[in-house]
Structures are given as C-alpha cells and as structure tokens.
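Residue-level structural notes
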Amino acid sequence: MSIGRDPGLQPERTRLAWRRTLLTVTVVTALAVRLASTGDPTGVVLAGGVVLVWGALLVLCWPRGTGTGPARTGGRTLPLVTAGTVALALLGVLLVLRGLW
C-alpha cells in the first residue's frame, strides 16, 4: 500500500517557510533598533544596516510568503535571502563578542 503524494500542501508549506523567515528577520530588526535606542553610535550604525537588510529581505520574501510572487525568479531569490540571513547571523555574533547585547 503506497501513500499518494499530495502536491496541494507543498505550496502552503513553502509560503509558511517564507513567512517564518520574514518574521525572524523582523524580530532581529526590532532587537537591533532597541539596541540603537541606547544611544551607542555603534548600535545606531548596526541598526541602520539591519534595517536595510530587512527592507531588502521584505521585498524578496513578501511576494513568496503571500503567494502573490512568481514561482520562479531565475534562481536569484534564495541566494540573496541566504546572504542576508548570514549577514544578520554574523552581526549577531559580533554583537555578542563585543558585549553590546
């Protein structure tokens, strides 16, 4: 007995994954803005960079997360989102190492 594949659920899982990615980046952005509110010049510069990355990822992830974007974008979306995510992760590591968090 084999269980048939239900292709109807895969697009929904994909949309939810893109939404989770955008939500995670939004939380990181909120934390960076909170850090900037302490008045530390380094925190302000870092928060500005994070807000720019968040804006770029918002433009990339929103159409896919809502299902209004194209199914194919020439393979450019995923590498850009990966680069933005890695940049935010490195920023978090730097913040922890400097003791700013």
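Summarised in this report is the structure supplied together with it.

Basis of the calculations
Residues numbered from 1 in each chain as written. Predicted model: local features only at pLDDT ≥ 70, side-chain atom pairs only at ≥ 80, totals over all residues. Heavy atoms only, no water. Helix = DSSP H or I, 4+ residues; strand = E, 2+ residues; numbered from the N terminus. Buried < 20%, exposed > 50% of the residue type's maximum accessible area, 1.4 Å probe, protein only. Polar contact = N/O pair within 3.5 Å; in protein donor to acceptor, adjacent residues only side chain to side chain. Contact = heavy atoms within 4.5 Å. Expected span 1.5 Å × (residues − 1). Axes fitted to C-alpha atoms, helices over the stretch in contact; angles between N-to-C directions. Parallel < 35°, antiparallel > 145°, perpendicular 65-115°, else oblique. Left-handed = near helix turned anticlockwise from the far one by under 90°.

1. So, the side chain of threonine 29
The topology assignment puts threonine 29 in helix H1 (residues 10-36). Here threonine 29 falls in the buried class, since its relative accessible area comes to 7%. Within the structure, the side chain of threonine 29 is placed 2.8 Å from the backbone oxygen of valine 25, a separation counted as a polar contact. Setting aside its immediate chain neighbours within four residues, threonine 29 contacts Val50, Val51 and Trp54.

2. A word on H1
Between its first and last C-alpha atoms H1 spans 39 Å; for 27 residues at 1.5 Å apiece the expected length is 39 Å, and the two agree. Along H1, the residues that are buried comprise Trp18, Leu22, Val25, Thr29, Ala32, Leu35 and Ala36.

3. Looking at the packing of H1 against helix H2 (residues 41-66)
In contact at an axis separation of 9 Å, H1 and H2 are set at 165° when each is read in the N-to-C sense. Judged by the inter-axis angle, H1 sits roughly antiparallel to H2. H2 is crossed by H1, and the crossing has left-handed handedness.

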